[in-house]
Every structure is written in C-alpha cells, then in structure tokens.
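Coordinates in review
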Amino acid sequence: RSSRDAMKHRIGMVFQHFMLVKELSCLENIIIGMEPAKYFVINKKAAREKILALMDQYGMKVPLEKAAGTLSVGEQQKLEIIKVLYRGADIIILDEPTAVLTPQETEELFVELKHLRDQGHTILFISHKLYEVKKLCDRVTVMRAGRMIATRNIADVTEADISRMMVGRDVVEVIEKEKAKPGAVVLKVRGATCQNDTGRKLLDNVTLNVKKGEILG
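Analysis parameters
Residues numbered from 1 in each chain as written. Predicted model: local features only at pLDDT ≥ 70, side-chain atom pairs only at ≥ 80, totals over all residues. Heavy atoms only, no water. Salt bridge = Lys/Arg side-chain N within 4 Å of Asp/Glu carboxyl O. Buried < 20%, exposed > 50% of the residue type's maximum accessible area, 1.4 Å probe, protein only. 1 Å grid on protein atoms, 1.4 Å probe; cavity = no way out; pocket = protein on both sides within 12 Å on 5 of 7 lines; lining within 4 Å. Points joined across faces, edges and corners; volume = space filled by probe spheres on them. Helix = DSSP H or I, 4+ residues; strand = E, 2+ residues; numbered from the N terminus. Nonpolar A, V, L, I, M, F, W, Y, C, P; charged D, E, K, R; others polar. Pairing = 2+ DSSP bridges. Axes fitted to C-alpha atoms, helices over the stretch in contact; angles between N-to-C directions. Contact = heavy atoms within 4.5 Å. Lys, Arg positive; Asp, Glu negative; His and termini not counted.

**Some details on the pattern of salt bridges**
Counted by the stated rule, this structure contains 13 salt bridges. Across the pair Asp 170 and Arg 164 runs a salt bridge, and its minimum N-O distance is 2.5 Å. Of the residues examined, Asp 170 reaches a relative accessible area of 49% and is grouped as partly exposed. A residue is classified by how much of its surface remains accessible, and Arg 164, at 35% relative accessible area, is partly exposed. For Asp 204, the salt bridge is made with Lys 201, and the minimal N-O distance between the two is 3.4 Å. Here the residues in one salt-bridge network are Lys 78, Glu 108 and Glu 112, joined through shared partners.

Written out as structure tokens, the structure reads:
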C-alpha cells in the first residue's frame, strides 16, 4: 500500500529519476526519514558508522559530507542504492538504471550489482537494453501491454527471442527507405551552448544546419 509497507517487507526501489534532496549532504539523504535520534537530536555519529560499514561491505563509496546535488549522475545512483541498503532492503528494484549512465559507469554498476547478488540480495533490473539484460541477468520476464508474456532462463533465449516476446512478432532490423532529398536550409545554429541547473555543460559550442526534407540526428 505504501513505500513504508515495501520497506517493512525489505523491498527497496531506485527510480530512474532520483529521489534526492540536492541541497542536503549524502549522509542526510541516506538517513532521511530513518534518523537515529534521542530527545529530538540526530545522532549523526551513529549514522555515519553504520553507513561506513555498509559502504565497506558492499564496495560502494560516496562522499558523505558533500551535497547530493554536486555529485556526478553515477555517484547519485550509488547514493540511492546505499539509501535502500541502509533501510535493510533484501530485494532491490532498479528502474532503467543505465539510462543516465556512461558506458564506464554502467560497467561499474554491473560489478556492484553482481556483488550485491553474491551477498544474497535479489535484483529486479528493468531495462529495454537487451544486451545489458543478457549480460547481467539470470532470468528474464517480458511484459507487453500490461500483461506478463513469459519468464525464461537467460541462457535459453537470444536477444531476438526477447524482442519477439516484447513486440509480438519478428523484429526486422533492415529497414528499406528512399534516400532523402534534402532541400534548402531551414534552420542554422551557430555556437549553441547551455548548462543544466548544476552547472554541467549540456551543449558546448554546437553548430549545425537543418535542411528541408531531412532528419538530422
């Protein structure tokens, strides 16, 4: 009925869009809602000791005093995983966890997830990236249009098999289409630069032309 109920059953979830308070420190984000306190005073020393023990046990490190909003995306995800471990989760649900990660961060995440598995945790890994499912998972369940289609051992299926279950037919990867015949330039961009709310550059001096009748990626 609620996230509190889920935690009572030792189920934790890491959402694709992180649930962090960016202005608070990593330590404060981890303990929020479960602060060790006496007489309304939070015992940060006790919390720190418990978190450091968890980070040593699972090989995941985040700088506890830094504000969560200053971390990289990969570090923020690590912080979210530590947060559910702090709450005692045995079953961890990860919703599209690699969607925001670089290839290097994805490899690092897989090492950490395998380490969690080897220590007895169950991982539910939600993804559309079939090569990642094949690489990481032991079993795969496919859902389509709100219904469960099948559950298979990953060793018994190919990526093509999974694709077929996902869309209900063979997936043809060769697409025949007419060659584009671009017309005049309809949009010119010169030196476009912008950054997000954490100061990270998203575009850095981008220049491009878009022509009529073409798709520019």
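**Overview of the layout of surface pockets**
A volume near 900 Å³ is recorded for the largest pocket. Lining the largest pocket are 25 residues, with Phe 125, Cys 137, Arg 139, Val 140 and Thr 141 sitting closest to its centre. Those elements that provide at least two residues to the lining of the largest pocket are helix H5 (103–118), strand E5 (122–126), helix H6 (130–136), strand E6 (139–144) and helix H7 (159–167). When the residues that make up the lining of the largest pocket are grouped by side-chain class, the tally is 14 nonpolar, six polar and five charged. Approximately 590 Å³ is the volume attributed to the second largest pocket.

**Some remarks on the sheet that holds strand E4 (residues 91–95)**
With parallel pairing, three strands are arranged side by side in an open sheet as E1-E4-E5. Looking at which strands have only one partner, the edges of the open sheet turn out to be strand E1 (11–14) and E5. Within the sheet, the average angular offset between the axes of one strand and its neighbour, ignoring direction, is 15°. Two strands pair when backbone bridges link them, and E4 and E5 are joined in this way by five bridges, in the parallel orientation. By the bridge assignment for E5, Ile 91 is matched with Thr 122. Along the sheet, helix H4 (residues 73–86) contacts E1 and E4; its crossing angle with E1, the most-contacted strand, is approximately 165°. Each of E4 and E5 is contacted by H5, which is oriented at about 145° to E5, the strand it contacts most.

**Quick word on the side chain of Glu 96**
Looking at the secondary structure, you find Glu 96 in the loop between E4 and H5. Summary of buried charges: Glu 96 has no salt-bridge partner, and the nearest side chain of opposite charge, Lys 129, is 6.4 Å away. If near-sequence neighbours (up to four positions away) are discounted, Glu 96 is found in contact with Gln 16, Ile 126, Ser 127 and His 128.

**Thoughts on the pairing of strand E8 (residues 185–195)**
Two strands pair when backbone bridges link them, and E8 and strand E9 (residues 201–211) are joined in this way by seven bridges, in the antiparallel orientation. Looking at E9, one finds that Ala 192 is bridged to Val 206. Between E8 and E9, which pair antiparallel and follow one another directly, the connecting turn spans five residues, one of which, Gly 199, has a positive phi of 90°.

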